[in-house]
Amino acid sequence: MTRRLYFVAGEPSGDLIGREVMDAIRARTPNLLYRSTGGTFMAECAPSSGLDTRPLAVLGFWEGIKAYRDVVRLADKTADDILTFQPDAVVLIDSWGFTLRVAQRVRARAPDIRLIKLIGPQVWATRPGRAKTLAETIDHLLCLHEFEVPFYEPFDLKTTVIGNPALSRLDKVDGAAFRTRHALADGTPIIAVFPGSRVSEIDRIAPHLMQAAAVLSRRVAGATVFAAPAASVSDRFVDLFADDMGTSFELCEEAERSELMAAARVALACSGTVTTEIAVQGTPLVTGYRTGAVTWALAKYLLMRAEFITLLNVSAGRMIVPERLQHEFNARALANDAELLLTDDAVHDAQVAAQSEALRSMGYGDMPAAEIAAEAILKDLSEMAEATPSD
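Q: Explain the overall build of the protein to me, using residue names and the numbers behind them.
A: A tally of regular secondary structure across the protein gives 19 helices and 12 strands. Here the C-alpha radius of gyration of the protein, 22 Å, is about what a compact globule of 391 residues would show, namely 21 Å. The C-alpha extent of the protein, read off along each of the three principal axes, is 80 × 40 × 40 Å. Split by element, the accessible area of the protein, about 17700 Å² in all, is 51% carbon and sulfur. Across the protein, 40 positive and 51 negative side-chain charges occur, with their mean positions spaced 6 Å apart.

In structure tokens form, the structure reads like this:
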């Protein structure tokens, strides 16, 4: 009997993880049928429902409210497609609001289909009550971190820790090539700025990071600034900072991002996955975030439970990476945090060592997350087969 798997992802990051997991499953067991709702990555591996999930990639409270109708509409259509395909299991990747609604619809109409959640909600940071909601809806959670497991234990939800998928994609590179390409001497202090991957981040966060870098370059003789916006927002970044390019800073090409991380003495970064990427390259960083007043008020007073927003800090259980939020996210504070990393070898080296330890606790260097996820999913299918009476 040929087993069937259906993968659902609401955003590009989940779409990529879905493809990696499918590839890992196929390498172990080729005789499975697949179908997906997501993006182009999974569509390369499995027939797609053709549903457009791009409206789900939103950020912020008001944006989420505006997208609600799209979430419900897509959840309905995705559930319909799943029921038509009749899979043995559905793998629901990230995108809490969307994938939860898909799971609830499938559970109500076809309770025998096994529901596997790949990447759970950040219950450690906001809304711990989501752990109970998830446990009532799915059969198995593949989570990223050990510190998530205790949130689900009271509800007897089966959990498997797979580690952070992003870590599996990161290789340590040599920053020397970057210095050579840009004719920079070994002793030249490089300040790297990673201003974000969303237009809202370029508008709201990038100016503070760039101003902080400018302050640092004036304080530290010979320092050079390179900015590396994500490719998706590079045009917007260039429009905003065109007058300063080539004088106050240089623009880093997308293909050079990892080399810049490795070559830099310090990085200033918008909070997000990029902070982990920088840490892998052995460079200390300063990070933070600023959002709209309403979104911030809701997050701070109603949602946020974690002491930190940076995964390196959460994993370490203490502030190893300086992070600044909202009104504290300003050029002066960021520059002050980063200056010691530029000028004091002991401070610099201590933060690099702490970041490395946090990465190890997050699973860096272990079996790739996609392979652990693949083995867990195949084990679920095997257990289902054993529990199903043969004809």
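Having put the structure on the table, let's press on.
Q: Please set out the sheet that holds strand β10 (residues 266-270) residue by residue, giving values where relevant.
A: With respect to topology, six strands assemble into an open sheet ordered β9-β8-β7-β10-β11-β12, the strand pairing being parallel. Across the chains shown, the open sheet's two edge strands, defined by having one partner strand only, are β9 (250-251) and β12 (323-325). As defined by bridge partners, strand β8 (residues 224-227) adjoins β9 across two bridges and the pair is classed as parallel. Bridging across to β9, Phe226 finds its partner in Glu250.

Q: Summarise the pattern of salt bridges; cite the residues concerned and give the values.
A: Per the counting criterion, the structure on display carries 24 salt bridges. Put simply, Arg28 and Glu371 hold a salt bridge, and the shortest N to O gap is 3.4 Å. Residue Arg28 is located in helix α1 (residues 12-28), and its partner Glu371 is located in helix α19 (residues 369-387); the two are separated by 343 residues in the primary sequence. Residue Arg219 pairs with Glu339 through a salt bridge whose shortest N-O separation is 2.7 Å. Here Arg219, found in helix α11 (residues 206-219), pairs with Glu339, found in helix α17 (residues 331-343); they are 120 residues apart in sequence, far enough to count as distant. Judged by its relative accessible area of 26%, Glu339 is partly exposed.

Q: Can you break down the sheet that holds strand β3 (residues 89-93) residue by residue, with the values?
A: Strand order across the open sheet formed by six strands is β2-β1-β3-β4-β5-β6, with parallel pairing between neighbours. The strands lining the two open edges of the sheet, one partner per strand, are β2 (32-37) and β6 (158-161). Going across the sheet, the axis of each strand differs from the next one's by a mean of 20 degrees, ignoring polarity. Here strand β1 (residues 3-9) runs beside β2; their pairing, made up of six bridges, is parallel. In the strand pairing of β2, Val8 is matched with Thr37. Taken strand by strand, α1 contacts β1, β2, β3 and β4 (114-118), and its axis lies near 160 degrees from that of β1.

Q: Describe helix α14 (residues 273-280), with residues and values.
A: Counting buried positions over the eight residues of α14 gives six, a clear majority of the element. Turning to α14, its buried residues are Val274, Thr275, Thr276, Ile278, Ala279 and Val280. Once α14 ends, the next one or two residues include Gly282, with phi positive near 80 degrees.

The rules we used
Residues numbered from 1 in each chain as written. Predicted model: local features only at pLDDT ≥ 70, side-chain atom pairs only at ≥ 80, totals over all residues. Heavy atoms only, no water. Helix = DSSP H or I, 4+ residues; strand = E, 2+ residues; numbered from the N terminus. Rg over C-alpha atoms; globule rule 2.2 N^0.38 Å. Areas by Shrake-Rupley, 256 points an atom, 1.4 Å probe, with all protein chains shown as cover. Lys, Arg positive; Asp, Glu negative; His and termini not counted. Charge placed at Lys NZ, Arg CZ, Asp CG, Glu CD. Pairing = 2+ DSSP bridges. Salt bridge = Lys/Arg side-chain N within 4 Å of Asp/Glu carboxyl O. Buried < 20%, exposed > 50% of the residue type's maximum accessible area, 1.4 Å probe, protein only. Axes fitted to C-alpha atoms, helices over the stretch in contact; angles between N-to-C directions. Contact = heavy atoms within 4.5 Å.

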